[in-house]
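Survey of secondary and tertiary structure
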Amino acid sequence: MTMGTINIYCPWEDSAPEPLLDICGKFVITHPETFCVQHHETGVWRLRPGVALPTEICEKLISLWQDRDPELLDDKFINIFKDLTNTRLKRITLRNSGVSDDGLNLLLSHHLVELDISNCSKLTERTLENINRVGDSLTALVIGKTKDILPDSVFSPSQPESSDSSDSSPVSEIKQRGFILRTPKLKKLVVRELIQPKETEYFALLLKPLTKLTHLDLSGCFFLRDVTYILPMKYLVSINLHSVQRIQEVIPAISEVKTLKFVDVSQANQKYGVFDSPDNVLANLVSSLPNLTSLDISGTNLSGDGTFDEYRDTNEKIKCDVTMETDLCDIPGLRSRINSPLEFLGLYNTVHDACHRNHIPAKVITGDASEEQILAATAAYLDRPEVLVKALNELFHIFRFETCHDQQRALNLILLSMLRHREDKHIQISGSASLFYIAKGEDKNSLNVRARQKMIVVLLDAMETHLDDSTMMRNGCLTLCQFRIPQDVLFEYRRLVQLLLRLIRGRGDGDDFVRRIAIYLLNSLACQVDGEQKELVGDLGAIETMLRLINDRLNRHMHDDMLEIAWSAMWNVTDETPVNCLRFLDGQGMTYFQKCLKEFPDKPELLRNMMGLLGNVAEVKDLRCRLMTSELLTTFADLLDSNSDGIEVSYNAAGVLSHIASGGLEAWTIDRPTRNEVLERMVAAIERWDLTSKRNINYRSFEPILRLLEVHHTPQCQHWAAWALANLTRVYPDKYCSLVEEEGGIQLLQALLKSPMPYQRIKALARIVITQCQHYKEYGSLEHMDYDSD
């Protein structure tokens, strides 16, 4: 129905995998070189020789460009359709695109059947000439708000409307030839917010020749006059006059078009929708249109006040009839539809809140009285941002304070609203606020993969478009936090990391709340991913960004959670990623470490995170020499005796020293502290730790630890490695027993037991690890295992 597509299918509803055509199409539009050749100077693309694309694929490529970013859809890409032999187009949407007159002219050469060029800012009146030249095949044309393609006047600048001049300028020729649009087969025309204050004949000249129109949308247009020029349209079934000026003047002409099924005379602003004798006007309109099934009177007083006073009569029979009818209908002007209710009735924001009445003769109603009405309004008004944002706000209140019973439909409509109005900040903020409740609600697990991905893409679009708005950033970040990180966002990993880094660096509004959430998200993104993605995070500037944040906190003598998470994020992003460890060192990371240690000596989590990071640096053989200073080694040795954060700081200090010592005697290039002194203190610390200590650490791989088991020249390194494995497989057997086996740890431990070099405590710890792994493999847990004295 033309009052708004109430039943809307959205591809992300389907839990089936994304169609192969869409997957391939998305790839090729981001890699045009797969089927195109680009001119090295102009950047224009053309089809590769031998490539031929059928209509379905050509139209899909344009559609996918629209979904990706319509502004990027420009003449350079459109040029591939210049080859009329090997490409075919019939129906295309270029809404909000960057296509120019030349690009569109190229597309028009395909003899299009349907064309949507709404909100295309680069189109001019040349496009009108091109449409008129090849418009014989067009059946649907959506101009929307792209008003520049239509002439400002049907007269020449020097020729007033009353002049009899036969001036032959291009502008005056419009009047002489008798049409603005030469599209003889046109059935659907959409022109919005066109204002022609001086020329009474303008809209008549635009519309009179289009006698085959079935659907006409003139929303927001001014100075339409009495619209009697629609009377020759014998096939017109739908007319949309939402928010047109002086709507009261057009009702008589509309009432004469008996073919109409869908009529919209709604107003966005109530003060422009006031009718004299509204009950009579509505009753006459409805009774005059025998085929009417859909009517929108939102924002007007046509629904009356529900009292029926003007129908009271002294005749008792009439009184009786009216009483019977008012029992069944609370809208006076719709009494004639009691027995044949309308399919659709728009009552959103009507005077006297008609949507709250009990007896309304319509199957689908837009309003704010119920969830069903609000969802209907959202669907019906997707192209009316000023009304849509109100409906979305109503929907948000349902999610926040009540229970949304049709969450799937609500989600679809929110996503469609945000996709269609990316530049409208208020729609993005309102929509994202509801997405937060959907993403965190009890039904979030019912969201399929495609729906989750669409939510994430729409949020990222909104955040990138409105980067300077704190509310939008808060909504976006808080909603993203409700997804499974990083699993749900891996498909947009780079894009999300780039956005978060921009937020962390700050936007000048001093919103530390947004920065705090952003750094938390970035830390989560870096935690559970492989080396390639960790390297990408480093490539995008994460290390440098964290170090700048740390420097800021040091300059302000401020310790807070952002300082701690900055170190945690670097700990995660340097894990088994040497290039990021190098970035940390090159960015004066060790200087910041020493400053933080001095400025905040009693902050256990900060100390743990810093030492965890340095453990990653120490694992890189080529970088250990940069840790080999007397000051640093003394610091690490002193931290062996730390009780901060349980055993974590002491444990990480021992790990750093084990990796440094694994380089052998020749790698120890300082006099103080001595190597033996440090190793003795390390062993003493290890023996103080409780083997059942709970840990605040996460290993994706034991490879760096397992390497230390083979350092026979320094058994103290083996001691730390064996203790680490014994502790982790004891406390977290479900996670780490299988990891030891998968990475060949059992074989290394067995080889260690056979070697004469390790001392007995090391071998005892090795046996503990082997026994625990074997028991877990056989029984699936360590619950009933008998532990010998450790």
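Here, the structure is the one placed above.
A brief look at the structure comes next. (Residues numbered from 1 in each chain as written. Predicted model: local features only at pLDDT ≥ 70, side-chain atom pairs only at ≥ 80, totals over all residues. Heavy atoms only, no water.)

Here the focus is the overall build of the protein. When helices and strands are tallied, the protein shows 32 helices and twelve strands. Here the C-alpha atoms of the protein give a radius of gyration of 36 Å, more than 25% beyond the 28 Å that 2.2 N^0.38 yields for 790 residues. Principal-axis analysis of the C-alpha atoms gives the protein an extent of 110 × 70 × 50 Å. Per-residue burial over the protein gives 56% buried out of 790 residues. Long-range pairs, those at least 24 residues apart, make up 69% of the contacts in the protein between residues at least 6 apart in sequence. For the protein, the accessible surface area stands at approximately 34500 Å², while carbon and sulfur atoms represent 49% of it. Of the side-chain charges in the protein, 87 are positive and 109 negative, and the distance between the mean point of each set is 3 Å. (Helix = DSSP H or I, 4+ residues; strand = E, 2+ residues; numbered from the N terminus. Rg over C-alpha atoms; globule rule 2.2 N^0.38 Å. Buried < 20%, exposed > 50% of the residue type's maximum accessible area, 1.4 Å probe, protein only. Contact = heavy atoms within 4.5 Å. Areas by Shrake-Rupley, 256 points an atom, 1.4 Å probe, with all protein chains shown as cover. Lys, Arg positive; Asp, Glu negative; His and termini not counted. Charge placed at Lys NZ, Arg CZ, Asp CG, Glu CD.)

Time to look at helix 14 (residues 425-440). Residues spaced three or four apart along an α-helix point in a common direction, a consequence of the helix completing one turn every 3.6 residues. For helix 14, which comprises 16 residues, the first-to-last C-alpha distance of 23 Å matches the rise-based estimate of 22 Å (1.5 Å per residue) to within 8%. For helix 14, a buried count of twelve out of 16 residues is recorded, marking the element as mostly surrounded by other parts of the structure. Along helix 14, the positions that sit buried rather than exposed are Ile427, Gln428, Ile429, Ser430, Gly431, Ser432, Ala433, Ser434, Leu435, Phe436, Ile438 and Ala439. Of the surrounding elements, those touching the buried residues of helix 14 are helix 12 (385-401), helix 13 (407-420), helix 15 (449-465) and helix 16 (470-480). Of the residues that open helix 14, the one with a side-chain oxygen 3.1 Å from the backbone nitrogen of histidine 426 is aspartate 424. (Expected span 1.5 Å × (residues − 1). Polar contact = N/O pair within 3.5 Å; in protein donor to acceptor, adjacent residues only side chain to side chain.)

On to the nonpolar core. Judged by nonpolar contacts, the single largest core of 156 residues is most densely connected at Trp567 and Phe584. Other than its neighbours up to four places away in sequence, tryptophan 567 contacts Ile550, Phe584, Gly589, Tyr592, Phe593, Cys596, Leu606, Asn609, Met610 and Leu613. Of all hydrophobic cores here, the second largest spans 95 residues; its members include Leu108, Leu241, Leu289 and Leu295. (Core = buried A, V, L, I, M, F, W, Y, C linked by side-chain atoms within 4.5 Å.)

Here the focus is the sheet that holds strand 3 (residues 91-93). Taken in spatial order, the ten strands line up as 3-4-5-6-7-8-9-10-11-12 in an open sheet, and their pairing is parallel. Each edge of the open sheet carries a strand with a single partner, namely strand 3 and strand 12 (362-366). Taken pair by pair, the neighbouring strands of this sheet meet at an average axis angle of 5°, ignoring direction. Alignment of strand 6 (residues 188-191) against strand 7 (residues 215-217), held across three bridges, turns out to be parallel. The residue bridging valine 190 from the neighbouring strand is aspartate 217, located in strand 7. (Pairing = 2+ DSSP bridges. Axes fitted to C-alpha atoms, helices over the stretch in contact; angles between N-to-C directions.)

With that settled, the discussion passes to helix 9 (residues 278-288). Among the residues making up helix 9, those that are buried are Pro278, Asp279, Leu282, Leu285 and Val286. For helix 9, the buried positions fall inside an angular range of 135° around the axis, keeping them on one side. (Arc of directions from axis to C-beta.)

Excluding glycine, a negative phi dihedral is what most residues carry, and trans is how most peptide bonds are arranged. At the junction of isoleucine 485 and proline 486, the peptide bond is cis and its omega measures out at 5° in the coordinates. Residue position: proline 486 is located in the loop between helix 16 and helix 17 (493-505). The omega angle of the peptide bond from arginine 672 to proline 673 is -10°, so this bond is cis rather than trans. Note that proline 673 resides in the loop between helix 26 (648-661) and helix 27 (675-688). The backbone of histidine 352 shows a phi angle near 70°, a positive value even though the residue is not glycine.

Moving on, we come to the pattern of salt bridges. One pass over the full model with this rule turns up 38 salt bridges. With its nearest N and O atoms 2.8 Å apart, the salt bridge here joins aspartate 488 to arginine 484. Looking at arginine 484, the relative accessible area reads 46%, which means it is partly exposed. The salt bridge partner of arginine 553 is aspartate 512, with a shortest N-O separation of 3.9 Å. Taken together, the positions of arginine 553 in helix 20 (residues 542-555) and aspartate 512 in helix 18 (residues 512-527) put the pair 41 residues apart, joining distant regions of the chain. The exposure class assigned to arginine 553 is buried, which follows from its relative accessible area of 0%. Looking at aspartate 512, the relative accessible area reads 24%, which means it is partly exposed. Shared partners join several salt bridges into a network, and the residues in it are Arg95, Asp116, Arg192, Asp217, Asp383 and Arg420. (Salt bridge = Lys/Arg side-chain N within 4 Å of Asp/Glu carboxyl O.)

Turning our attention to the packing of helix 15 against helix 17. It is the contact of helix 15 with helix 17, at a shortest axis distance of 11 Å, that shows an interaxial angle of 35°. The hand of the helix 15/helix 17 crossing is left-handed. Across from Val457, Leu460, Asp461, Met463 and Glu464 in helix 15, the residues of helix 17 making contact are Arg495, Leu496, Leu499 and Leu503. Taken together, the residues of the contact of helix 15 with helix 17 break down into six nonpolar, no polar and three charged. (Left-handed = near helix turned anticlockwise from the far one by under 90°. Nonpolar A, V, L, I, M, F, W, Y, C, P; charged D, E, K, R; others polar.)

When you tally the buried positions in strand 11 (residues 342-346), you get four out of five residues, the bulk of the element. Where strand 10 (residues 294-296) meets strand 11, three bridges bridge the pair, whose relative direction is parallel. Following the sheet pairing, leucine 295 is matched in strand 11 by leucine 345.

Further remarks concern the pairing of strand 6. Direction of pairing for strand 5 (residues 140-144) relative to strand 6: parallel, over a ladder of four bridges. Counted as the bridge partner of valine 142 is valine 190 from strand 6.

What follows covers the side chain of serine 524. With respect to the helices, strands and loops of the structure, serine 524 is situated in helix 18. Since its relative accessible area comes to 19%, serine 524 is described here as buried. When near neighbours in sequence (up to four residues on either side) are disregarded, serine 524 contacts Ile485 and Pro486.

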